[in-house]
Amino acid sequence: MTYHRSKKNKTYIIKPDNSCQGKGIMLTKTPKVDIKHCDNFVVQQYLSKPFLIDNLKFDLRVYVLVTSCDPLRIYVYKDGLVRFAVTPYQDPTNNNVDDVLMHLTNYAITKHSTDFIRDEEKGHKRKITHLNKWFDQNGYNREKIWADIEDVIVKTLIVSHPTLKHNYAICVELFCID
């Protein structure tokens with residue numbers, strides 16, 4: 001909590017360490033109040049100025065195949081999913097930190113919204129190939145972006161390598177990396 005004291009007016013995202021599909025995720029401006037010491041969470045400073053498309057937050061679901069742990073052999077699938085929030089983004093305030101349709105992109109949450117659009121090109125769940133077209137049409141260096149994403153994936157799996165090697169005698173695993 002020392003870090004929090006030095007970062008006044010920041011927003012934090014709190015994620016349960018043993019959950020999925022957006023269950024239990026919350027945003028807070030008061031982590032000392034909202035985090036119980038007996039709970040296990042990952043707490044991160046929330047990026048209040050995210051990269052947006054169509055004024056919506058989004059994340060990527062990238063599929064990664066590990067076919068060997070020793071040596072570590074990784075294949076990144078060139079397509080995947082782009083998952084969008086449903087509500088146009090606004091900076092987090094005390095009035096909107098509970099708006100999961102603005103701040104979270106989890107399909108398990110957004111698909112229940114009456115505003116959720118099911119369309120491969122303009123909907124709230126699109127293929128990465130559509131994102132790549134968007135990057136190209138809007139002047140972004142797609143190759144550099146993907147090189148950076150793959151670099152993060154490789155570093156994440158290198159950090160996880162001892163656990164992978166220990167838990168998998170024969171390592172063939174498909175990972176979804178968000």
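See the structure above.
Note on numbering: residues in each chain are counted from 1, in written sequence order. Since the coordinates come from a predicted model, pLDDT governs what is reported: local features require at least 70, and pairs of side-chain atoms require 80 or more to be given and counted, while whole-chain, interface and lining totals use all residues. Calculation of side-chain values draws on the structure's entire complement of heavy atoms; hydrogens and water are dropped beforehand.

Trainee: I tried to follow the environment of Tyr46 on my own but got confused; where do I start?
Mentor: Strands are runs of DSSP state E lasting at least 2 residues, helices are runs of H or I lasting at least 4, and numbering of each runs from the N terminus. Here Tyr46 shows up in the loop between β3 (41-45) and β4 (58-69). When the C-alpha positions of Tyr46 and Gly123 are compared, they lie 25 Å apart, and in sequence the two are 77 residues distant. If we ignore the near neighbours within four places in the chain, the residues touching Tyr46 are Thr11, Tyr12, Ile13, Leu27, Lys57, Tyr89, Pro92 and His103. Only 3.0 Å separates the side chain of Tyr46 from the side chain of Lys57, close enough to count as a polar contact. Contacts are assigned to residue pairs that have any heavy atoms within 4.5 Å of one another. Whenever a nitrogen or oxygen atom comes within 3.5 Å of another N or O atom, the pair is scored as a polar contact, on the condition that within protein one atom can donate a hydrogen and the other can accept it, and that pairs from neighbouring residues in sequence are kept only if both atoms are in side chains.

Trainee: Can you walk me through the sheet that holds β3 in this structure?
Mentor: Consider a sheet: its strands pair through backbone hydrogen bonds, and that pairing is either parallel or antiparallel. Whether two strands pair depends on DSSP finding at least two bridges between them. Read from one edge of the open sheet, three strands run β2-β1-β3, paired in antiparallel fashion. Each edge of the open sheet carries a strand with a single partner, namely β2 (26-28) and β3. This sheet shows a mean twist of 25 degrees between the axes of neighbouring strands, independent of strand direction. Lines are fitted to the C-alpha atoms to define the axes, a helix being fitted only along its stretch in contact, and any angle between axes, read from their N-to-C directions, falls within 0 to 180 degrees.

Trainee: It is not clear to me how the side chain of Ser68 should be interpreted in this structure. Could you clarify?
Mentor: Along the chain, Ser68 falls in strand β4. Take Ser68: its relative accessible area is 12%, and that puts it in the buried class. Of note is the side chain of Ser68, whose polar atom sits 3.4 Å from the backbone nitrogen of Asp70. What Ser68 contacts, discounting residues up to four positions off in sequence, is Arg73 and Cys171. Under the scheme applied here, a residue whose accessible area is under 20% of the maximum for its type counts as buried, over 50% as exposed, and between as partly exposed, the area being computed with a 1.4 Å probe on protein chains only.

Trainee: Please clarify how the pattern of salt bridges should be interpreted in this entry.
Mentor: Any two side chains of opposite charge can pair, given that their charged atoms come close. Here a salt bridge means any side-chain nitrogen of Lys or Arg lying within 4 Å of a carboxyl oxygen belonging to Asp or Glu. What the rule picks out here adds up to nine salt bridges. Two residues, Asp151 and Lys155, come together in a salt bridge whose shortest N-O distance is 2.9 Å. Here Asp151 pairs with Lys155, and both are found in helix α6 (residues 142-167), just four residues apart, close to one helical turn. Classification of Asp151 by relative accessible area gives partly exposed; the value is 36%. A network of salt bridges, in which partner residues are shared, links Asp59, Arg61, Arg83 and Asp178.

Trainee: Honestly, helix α5 (residues 128-137) in this entry has me stumped. Any pointers?
Mentor: Given 3.6 residues per helical turn, the α-helix brings residues three or four places apart onto the same face. Those residues of α5 lying buried are Ile128, His130, Leu131, Asn132, Trp134 and Phe135. Contacts made by the buried residues of α5 are with β4, β5 (72-84), β6 (125-127) and α6. Once α5 finishes, Gly139 follows within two positions and takes phi at roughly 80 degrees, a positive value.

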